[in-house]
Amino acid sequence: MTRSNDSHSNAISRRDFLSQSGSCAAHLALAGSLMPRAARLAWTRSSYATVVAREPFGTLEKIADGTWALISNPLSGDRTTISNGGIIAGRDAVLAIEGFNQPQGAVWLAGKAKELTGKWPTHVALTHYHSDHANGVAGYLTETDHPIVRSTERTRDLVIERNKPDDASRIAAVRGATLLSPSDATTLDLGGRMVRVVPRLGHTDSDVSLELDDPSIVFCGDLFWNSMFPNFVDAIPTKLAASVHALRRTKDTLYVPGHGALGRAAEYDRYVQMLDEVERAARKAHAAGTTPADAGAAFTLPPSLGEWTLFSKAFYQRAFEAWYKELT
Ligand SMILES: [Zn+2]
């Protein structure tokens, strides 16, 4: 991984690296290498929850009774989890959210579930196929524990087709998945705790959110990135915008992003405004006949939107490319 963003050779290796990998893991690993240390340390500070466990790769934060969010610190260089995730427990069942980047990430979260709830996860949900959310899913399956893995059919297929390196245990785990409806919400009854799994799209071809009503909590997957510019590699920007608006609740809500710290309305709305800004610029540049590369190079976010971790103009270019695909 490159450590500097100013030399010609690093620019080339970065481009090669990006072209080889469509995952958010690659996007974040690169981001971390270029991020100032102070910003890296601020990543997992949260004022919305109580930290119950801290590891180099992230912190487990209690966000409600029987509900915890893992806020990963992908910029630490530790690649065990990379994505955020979580645990939701009811009387009878325990749901783990995300498969993480490596099986050790799933094993760790499952161990925490056991410590905190007395149970190894009985259900696992994947929000989308990207390797940093799915590649470790086999870590939940043991000699004695066989949680029900839930994903959409499209997510399952994309994990099998695209995620590298090939891994027989991962493929077996997702082949055995119980499929979520691509059109209707699925309600999981964990025993006194109902979780709605809602099919969405826009970050990829198939995303799901996991939603609680009381207290109001939404696990957004990668439909929400807090303070970090998102990866548009598979994005369908108009669908992403629609999903992002649909996820926003009028009542006070805690949003667990796919990457970055927990957010409430202020952080979520700042993200929506940032996406709107990208859309405005992309439509304007497209109408003017500017190339995505030139448009990306010329683009900046207004200071009023606060700090967004952005490490290379290539990420803006990727967002413009996604928009142009839809506009052309
Ligand atoms: Zn993703």
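Reading guide: rules and limits
- Residues numbered from 1 in each chain as written.
- Predicted model: local features only at pLDDT ≥ 70, side-chain atom pairs only at ≥ 80, totals over all residues.
- Heavy atoms only, no water.
- Helix = DSSP H or I, 4+ residues; strand = E, 2+ residues; numbered from the N terminus.
- Buried < 20%, exposed > 50% of the residue type's maximum accessible area, 1.4 Å probe, protein only.
- Contact = heavy atoms within 4.5 Å.
- Areas by Shrake-Rupley, 256 points an atom, 1.4 Å probe, with all protein chains shown as cover.
- Pairing = 2+ DSSP bridges.
- Axes fitted to C-alpha atoms, helices over the stretch in contact; angles between N-to-C directions.
- pLDDT = per-residue confidence, 0-100.
- Phe/Tyr/Trp six-rings, centres within 6.5 Å; stacked < 30°, edge-to-face > 60°.
- Lys NZ or Arg CZ within 6 Å of the ring centre and 35° of its normal.
- Core = buried A, V, L, I, M, F, W, Y, C linked by side-chain atoms within 4.5 Å.
- Parallel < 35°, antiparallel > 145°, perpendicular 65-115°, else oblique.
- Left-handed = near helix turned anticlockwise from the far one by under 90°.
- Nonpolar A, V, L, I, M, F, W, Y, C, P; charged D, E, K, R; others polar.

Caption draft 1: Region of the structure containing the overall build of the chain. When its secondary structure is counted, the chain shows eleven helices and 13 strands. Across the 328 residues that make up the chain, the buried fraction comes to 56%. In the chain, once contacts between residues fewer than 6 apart in sequence are set aside, the share between residues at least 24 apart is 65%. Of the roughly 13,600 Å² that the chain leaves accessible, carbon and sulfur atoms contribute 50%.

Caption draft 2: Fine view of the sheet that holds strand β2 (residues 58-64). Pairing within the open sheet is mixed, and its eight strands lie in the order β1-β2-β3-β4-β5-β6-β7-β8. Only two strands of the sheet have a single neighbouring strand rather than two, namely β1 (50-55) and β8 (178-180). On average, each strand axis in the sheet is inclined to that of its neighbour by 20°, with strand direction left out of account. Set on the sheet, helix α6 (residues 153-162) makes contact with β7 (148-152) and β8; between it and β7 the angle comes to about 100°.

Caption draft 3: Expanded view of the confidence of the model for the chain. With 85% of its residues at a pLDDT of 70 or more, the chain shows a mean pLDDT of 89. For residues 1-21, every residue scores under 50 in pLDDT, and the model assigns this stretch 27 contacts once sequence neighbours within four places are set aside.

Caption draft 4: Looking closely at the environment of Q102. Looking at the element boundaries, Q102 is found in the loop between β5 (94-97) and α4 (103-117). When the C-alpha positions of Q102 and H133 are compared, they lie 9.0 Å apart, and in sequence the two are 31 residues distant. Residues contacting Q102, with those up to four places away along its chain left out, are R79, T80 and G136.

Caption draft 5: Spotlight on the packing of aromatic side chains. Taken as a whole and judged by the stated rule, the model has ten aromatic pairs. Residues F57 and W108 carry aromatic rings whose centres are separated by 5.2 Å and whose planes lie at 90° to one another, so their mutual orientation is edge-to-face. Residue F57 is found in the loop between β1 and β2, and its partner W108 is found in helix α4; the two are separated by 51 residues along the sequence. As far as the burial class goes, F57 and W108 line up, both buried. Members of the aromatic cluster, joined through ring pairs, are F229, F232, F299, Y316 and F320. Positioned above the aromatic ring of Y48, the side-chain terminus of R264 is 5.3 Å from the ring centre.

Caption draft 6: Just the nonpolar core, in detail. Core analysis: the largest hydrophobic core is formed by 35 residues, its most contacted members being F229, F232, Y268, Y271, M274, L301 and F320. For this core, the secondary-structure elements that each account for two or more residues are α8 (237-247), α9 (265-288) and α11 (313-327). It is α9 that contributes the most residues to this core, nine residues altogether. One finds A96, W108, A110 and A138 within the second-largest nonpolar core, a separate group that totals 31 residues.

Caption draft 7: How the structure looks around the packing of α6 against helix α7 (residues 168-175). Direction vectors running N to C along α6 and α7 enclose 165°, while the axes themselves pass 10 Å from each other. With respect to each other, α6 and α7 are oriented roughly antiparallel. Relative to α7, α6 is oriented so that their crossing is left-handed. Along the contact surface, α6 presents R156, V159 and I160, while α7 presents R170, I171, V174 and R175. Per-class residue counts for the contact of α6 with α7 are four nonpolar, no polar and three charged.

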